[in-house]
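Residue-level structure breakdown
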Amino acid sequence: MSRIPLQTVESAPQESQPLAAKALANNGFLPNLIGVLANAPVALETYLTVSGINARASLTLAEREVVQLTAAALHGCDFCLSGHTAIVAKKAQLDAVTALNLQRGQPTGDARLDAVQAFTKEVIATRGATSDAGLAAFRAAGYNDQQALEVVLGVSLATLCNFANNLAKPDINPELLPFSPGVFQA
C-alpha cells in the first residue's frame, strides 16, 4: 500500500492531469510511479521532461537502461527494477540472462554494457567524484566525455524515480510484476 496516494488522471491535481493522461496513453496503463509523482505537478513535469531529454542522449537505449537498472539496484527500488527490466526485455531487446544480471547488479559479459554499469556504480558511490582510473576505464571502453555526463544525467533521472518510489512505497503495477525481482527468470 502506497504511503503517498496514487493519483489517477481524474484525481490528480489539474496541472498533473494532462501529463498523467500522456503517460497512460504511452504505456497503456498508468505506472504507479506516475500516480505518485502526480501529487506534485512539478515533480511529474520534471520526470517527464528529463526522461525526454535522456532519450535523446547519444547512449543507446540499452546503455541508458543499464544506468537506470544499476541505479535502481543500488538505491533499492524494486519498482524501477521491474519497470526497467521490462524495457530491457521488450524494447532494448537484451536477452533475459543479461536483463537478470543487470537487475541483480552483476556483470553481463558484454564489455561495453559492463563499462557503463561499472562507471554508473562509481558515479553513484562517489557522488560524481569518480577516480581518474574509473573515468579512464569508461573511456577505454569506447565512451567519451559527453557520454560520461550522460551517465550522470541518467543517474539524476533515476534518483528522482528511485527516491520517490522509496518514499511512497507503491505496489508494482500488475503489468510489471512478471519483471520484478524474484519473479523475473532468465
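In this text, all values refer to a predicted model and were calculated from it rather than measured experimentally.

Within the protein chain one finds 9 helices and 0 strands. Put simply, the protein chain runs from its N terminus to its C terminus through helices and strands in the order α-α-α-α-α-α-α-α-α. Taken against the 2.2 N^0.38 rule, which gives 16 Å for 186 residues, the C-alpha radius of gyration of the protein chain at 16 Å falls within 12% of a compact globule. When its C-alpha atoms are laid out on the principal axes, the protein chain stretches across 50 × 35 × 25 Å. Within the protein chain, the fraction of its 186 residues that count as buried is 48%. Excluding contacts between residues fewer than 6 apart, the proportion of contacts in the protein chain whose partners are at least 24 apart in sequence is 68%. Per element, the accessible surface of the protein chain, about 9,000 Å² overall, is 58% carbon and sulfur.

Quick look at unusual backbone geometry now. Of note in the backbone geometry, Gln93 takes a positive phi value of approximately 55 degrees without being a glycine. Judged by its relative accessible area of 65%, Gln93 falls in the exposed class. For Lys169, which is not glycine, the phi torsion reads 60 degrees and is therefore positive.

Tallied over the entire structure, the rule returns 0 disulfides. Take Cys77: it sits in no disulfide, and the sulfur closest to it among the cysteines is that of Cys80, at 3.4 Å. Since its relative accessible area comes to 1%, Cys77 is described here as buried.

Further remarks concern the side chain of Gln147. For Gln147, the location among the structural elements is in helix 9 (residues 145-168). Not counting residues up to four positions away in its chain, the partners in contact with Gln147 are Ser58, Leu59, Phe138 and Gly142.

Structurally, the position occupied by Thr98 is in helix 6 (residues 96-103). With near-sequence residues (within four places) excluded, Thr98 lies in contact with Thr108 and Leu113.

Closest axis-to-axis distance for the helix 4 (residues 61-75)/helix 5 (residues 78-90) pair is 9 Å, and the angle between their directions is 160 degrees. Looking at the two axes, helix 4 sits roughly antiparallel to helix 5. Helix-helix and strand crossings are classified by hand; for helix 4 and helix 5 the assignment is left-handed. Note on element contacts: helix 5 touches helix 4 through Cys80, Leu81, His84, Thr85, Ile87 and Val88, opposite Leu61, Glu65, Gln68, Leu69, Ala72 and Ala73. Residues belonging to the contact of helix 4 with helix 5 are distributed by class as follows: 8 nonpolar, 3 polar and 1 charged.

The rules behind the values
Residues numbered from 1 in each chain as written. Predicted model: local features only at pLDDT ≥ 70, side-chain atom pairs only at ≥ 80, totals over all residues. Heavy atoms only, no water. Helix = DSSP H or I, 4+ residues; strand = E, 2+ residues; numbered from the N terminus. Rg over C-alpha atoms; globule rule 2.2 N^0.38 Å. Buried < 20%, exposed > 50% of the residue type's maximum accessible area, 1.4 Å probe, protein only. Contact = heavy atoms within 4.5 Å. Areas by Shrake-Rupley, 256 points an atom, 1.4 Å probe, with all protein chains shown as cover. Disulfide = S-S within 2.5 Å. Axes fitted to C-alpha atoms, helices over the stretch in contact; angles between N-to-C directions. Parallel < 35°, antiparallel > 145°, perpendicular 65-115°, else oblique. Left-handed = near helix turned anticlockwise from the far one by under 90°. Nonpolar A, V, L, I, M, F, W, Y, C, P; charged D, E, K, R; others polar.

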